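Single-letter residue listing:
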Number of protein chains: 2
Amino acid sequence: MIIIGGTATNGIDESLSKILSIPLVKVESKIFPDGESYIRVPSSIRNEEVLLVQTTDYPQDKHLIELFLIAETIRDLGAKKLTAIVPYLAYSRQDRRFKDGEAVSIKTILHILGEVGVNGLVVVEPHKPEELSYFKGELKIVHPYHQISRKIKEIVEDPFILAPDRGALDRARKIAEEISAQYSYIEKERDRTTGEVRIKEAPNINLKGKDVVLIDDIISTGGTIVQATRLAYSLGARSVTAVAVHLLLVGDAKERLREAGVKTLIGTNTINVKDKDIITIDVSQSIALSL
Amino acid sequence: MIIIGGTATNGIDESLSKILSIPLVKVESKIFPDGESYIRVPSSIRNEEVLLVQTTDYPQDKHLIELFLIAETIRDLGAKKLTAIVPYLAYSRQDRRFKDGEAVSIKTILHILGEVGVNGLVVVEPHKPEELSYFKGELKIVHPYHQISRKIKEIVEDPFILAPDRGALDRARKIAEEISAQYSYIEKERDRTTGEVRIKEAPNINLKGKDVVLIDDIISTGGTIVQATRLAYSLGARSVTAVAVHLLLVGDAKERLREAGVKTLIGTNTINVKDKDIITIDVSQSIALSL
């Protein structure tokens, strides 16, 4: 077995190589002057089982095309089996036709992955696990809840876990149970056209003196978390920590979260988080356990 | 029959709609804050024959992913046949393994196109026509030589057609014959690692008083054309015009060409050429004739 590190790995390829004691080969890559990617797999992999690590955070389209190029090359070079570890899977929020005629983007991406030779797929915290059924090979879903729970326990004094919407409740509950904390959720609504979010109903809870921990799968523009943070303070919270598996933090999201009163931001290395003041959890251990 | 204009068309969708008298529907698209593309085909196309126009110039990876999303959506919406008109086909210069383990990028791109539902493919001036055999559907290759010849005749007084390397000779000869001009070619060498180009052997020709027209398929960094321009002047040329079907003009290529003495630059709308001082030929007429 061999691990191949793609063009976007955030160190997960190296961690997995150490944890699993499997040799690592890094893909050779460059960007041509015109913007096209060059890919080379500099190792003989004939009849090998290959674990390819390639996340698809921003720039998603470049990372996806590179994933397709690497995967088909691995197949063409004669690998016996190819498992793609895609810690953050782009386009997973467009998982159905919300309006007639829309692309079901995640279907196309997963369909292509199968066609370029990916036999197995490992995804960390997919937006909706059921959407992954568009992938026809072997599937593994990684929930890095244990690693997140440990980090929360380590740095938050009296945590109250709050899911920023009903879809995030199951995740919040599991993490709350692991650290024996209370939990609840907020009802929100999203306008599909404007993307705007508003709180539908405030939960009937008292957060007086609590260190509220908001947990979501993705924080993108931060709109949902900003509103949830304000609500948490209005219900008496002492502090707010925001946690997301995939911390996209688009544009000035980080500043907006800070302004709203988020004291601590926690993410994972499924995304290339560059800010030094964000706590980044390495999810490699959770991935290794799933393999 | 219906024409669908993708996210990158440079007006070719509109021209084709007029020339062929076929209705045009523009894809609805936007970029989400995180950088992902949103695609919607806002029209019923069940049992229709669809001509989809989408070029894949810079940013190539975004335009390719959008092409894949649009194509699969068109198929899923029940189109009878899908022909993709891809005026500039990205990744065509990586058409084989120059070194062991390299991705054959154009193979992967053409393979994916077939898998997302493209039955027919129309490409303008592919880098090597034989590489298109990786596409398993119906294939049409468009050489806009007639349109280029007319433009040269219109604006160059006493043209001498010069191919900047042997691979470009056939194209140069065809265009020269159409306008009854003399032609020749230059022998060049390219270092595969550095990408550097040098002239191997100067042709034994006298260009005294001639208006030299250098014609290539692609001008990217302009290195080849800069060297050919200098050579043309050293052989007595009065002026140099540079023509390419696909005028990528990466970085400061335009400035370098001007400095070397290129008086006029001619390209086509397979690429989004934004400069007002570049003559841009609309290739829609040539595409229409091929359909």
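Please read these numbers as outputs of a predicted model, since none were measured by experiment.

Trainee: Describe helix α5 (residues 169-178) of chain A, and please don't skip the residues or the numbers.
Mentor: Taken as a whole, α5 of chain A has its buried residues at Arg171, Ala172, Ile175 and Ala176 of chain A. Projected down its long axis, α5 of chain A carries its buried residues within an arc of 130 degrees, all on one side.

Trainee: Please provide a residue-by-residue account of the relation of the copies chain B and chain A, values included.
Mentor: Rotating chain B by 180 degrees and moving it 0.0 Å along the rotation axis overlays it on chain A with an RMSD of 0.0 Å. Here the two chains are linked by the operation of a two-fold rotation axis. Minimal C-alpha separation from the rotation axis in chain B is found for Asp61 of chain B, amounting to 2.7 Å. Residue by residue, 100% of the interface of chain B is reproduced at the interface of chain A, so both copies engage with the same surface.

Trainee: Summarise the sheet that holds strand β10 (residues 182-185) of chain B; cite the residues concerned and give the values.
Mentor: Residue and element names in this part refer to chain B. Read from one edge to the other, the open sheet built from six strands follows the order β10-β9-β13-β14-β15-β16, with strand pairing classed as parallel. Each having just a single partner strand, β10 and β16 (279-281) make up the two edges of the open sheet. Neighbour-to-neighbour, the strand axes of the sheet open up by a mean angle of 25 degrees, direction not taken into account. Sheet analysis places strand β9 (residues 159-163) next to strand β13 (residues 211-219), joined by four bridges and oriented parallel. Counterpart to Ile161 in the pairing with β13 is Val213. Across the sheet, helix α6 (residues 223-234) lies against β13, β14 (239-247) and β15 (262-268), angled at about 170 degrees from β13, the strand it touches most. Against the sheet, helix α7 (residues 253-260) makes contact with β13 and β15, and its axis sits at roughly 140 degrees relative to β15, the strand it touches most.

Trainee: Got a sec to walk through the interface of chain B and chain A? Specific residues and values, please.
Mentor: Chain B puts 48 residues into the contact, and the matching count from chain A is 48 residues. Joining chain B to chain A, the criterion identifies ten salt bridges. The salt bridge partner of Asp76 of chain A is Arg97 of chain B, with a shortest N-O separation of 3.6 Å. Across the chain B-chain A interface, the total number found is 26 residue pairs in polar contact (both at pLDDT 80 or more). Among the secondary structure elements, those contributing two or more residues to the side of chain B that touches chain A are β4 (37-40), α2 (60-76) and α3 (105-115) of chain B. Top element by residues in the side of chain B that touches chain A is α2 of chain B. It accounts for eleven residues. Tallied by class, the residues present in the side of chain B that touches chain A amount to 20 nonpolar, twelve polar and 16 charged.

Trainee: Please set out the pairing of strand β9 (residues 159-163) of chain A residue by residue, giving values where relevant.
Mentor: Residues and elements named next belong to chain A. By the criterion of burial, β9 is predominantly enclosed, with five of the five residues buried. With burial as the criterion, each face of β9 is covered, one bearing Pro159, Ile161 and Ala163 and the other bearing Phe160 and Leu162. The sheet contact formed by β9 and strand β10 (residues 182-185) spans four bridges and is parallel. In the strand pairing of β10, Leu162 is matched with Ser184. The handedness of the β9 to β10 crossover, carried by α5, is right-handed.

Trainee: Before we move on, could you go through the packing of helix α2 (residues 60-76) of chain A against α2 of chain B and cite the residues and values that matter?
Mentor: Axis separation between α2 of chain A and α2 of chain B bottoms out at 8 Å; the angle between their running directions is 75 degrees. Looking at the two axes, α2 of chain A sits roughly perpendicular to α2 of chain B. Contacts from Asp61, Lys62, Leu64, Ile65 and Phe68 of chain A in α2 of chain A reach Asp61, Lys62, Leu64, Ile65 and Phe68 of chain B in α2 of chain B. Along the lines of polarity and charge, the residues of the contact of α2 of chain A with α2 of chain B split into six nonpolar, no polar and four charged.

Trainee: Summarise the nonpolar core; cite the residues concerned and give the values.
Mentor: The nonpolar side chains of a soluble globular protein tend to be buried, and buried together. In terms of nonpolar packing, the biggest core is built from 134 residues, with Phe68 and Ile74 of chain A together with Phe68 and Ile74 of chain B touching the most fellow members. Setting aside chain neighbours within four positions, we find Phe68 of chain B in contact with Ile65, Phe68, Thr108 and Ile112 of chain A together with Ile109, Ile112, Leu113 and Val116 of chain B.

Trainee: Could you give an account of the packing of aromatic side chains, with specific residues and numbers?
Mentor: All told, the structure shown has two aromatic pairs over all chains when counted by the stated rule. For the ring pair Phe32 of chain A and Tyr38 of chain A, a centre distance of 5.9 Å and an interplane angle of 85 degrees mean the geometry is edge-to-face. Of the residues examined, Phe32 of chain A reaches a relative accessible area of 24% and is grouped as partly exposed. The cationic tip of Lys30 of chain B hangs over the ring face of Tyr38 of chain B; the distance from NZ or CZ to the ring centre is 4.9 Å.

Trainee: Which residues make up the pattern of salt bridges, and what values do they have?
Mentor: As enumerated under the stated definition, the model contains 50 salt bridges over all chains in all. A salt bridge links Lys254 of chain A to Asp275 of chain A, with the nearest nitrogen and oxygen atoms 2.7 Å apart. Remark: Asp275 of chain A occurs in the loop between β15 (262-268) and β16 (279-281) and Lys254 of chain A occurs in helix α7 (residues 253-260); sequence separation between them is 21 residues. In this structure, a network of salt bridges that share partners links the residues Glu72, Arg75 and Asp76 of chain A together with Arg97 and Lys107 of chain B.

Trainee: Report on the confidence of the model for chain A, specifying residues and quantitative values.
Mentor: Here chain A shows a mean pLDDT of 95. Residues at 70 or above account for 99%. For this predicted complex, the interface confidence comes out at an ipTM of 0.94, alongside a pTM of 0.95.

Analysis parameters
Residues numbered from 1 in each chain as written. Chains lettered and ligands numbered in written order. Predicted model: local features only at pLDDT ≥ 70, side-chain atom pairs only at ≥ 80, totals over all residues. Heavy atoms only, no water. Buried < 20%, exposed > 50% of the residue type's maximum accessible area, 1.4 Å probe, protein only. Helix = DSSP H or I, 4+ residues; strand = E, 2+ residues; numbered from the N terminus. Arc of directions from axis to C-beta. Least-squares fit on C-alpha atoms with pLDDT ≥ 70 in both. Contact = heavy atoms within 4.5 Å. Pairing = 2+ DSSP bridges. Axes fitted to C-alpha atoms, helices over the stretch in contact; angles between N-to-C directions. Salt bridge = Lys/Arg side-chain N within 4 Å of Asp/Glu carboxyl O. Polar contact = N/O pair within 3.5 Å; in protein donor to acceptor, adjacent residues only side chain to side chain. Nonpolar A, V, L, I, M, F, W, Y, C, P; charged D, E, K, R; others polar. Right-handed = clockwise from strand over helix to strand, strands pointing away. Parallel < 35°, antiparallel > 145°, perpendicular 65-115°, else oblique. Core = buried A, V, L, I, M, F, W, Y, C linked by side-chain atoms within 4.5 Å. Phe/Tyr/Trp six-rings, centres within 6.5 Å; stacked < 30°, edge-to-face > 60°. Lys NZ or Arg CZ within 6 Å of the ring centre and 35° of its normal. pLDDT = per-residue confidence, 0-100.

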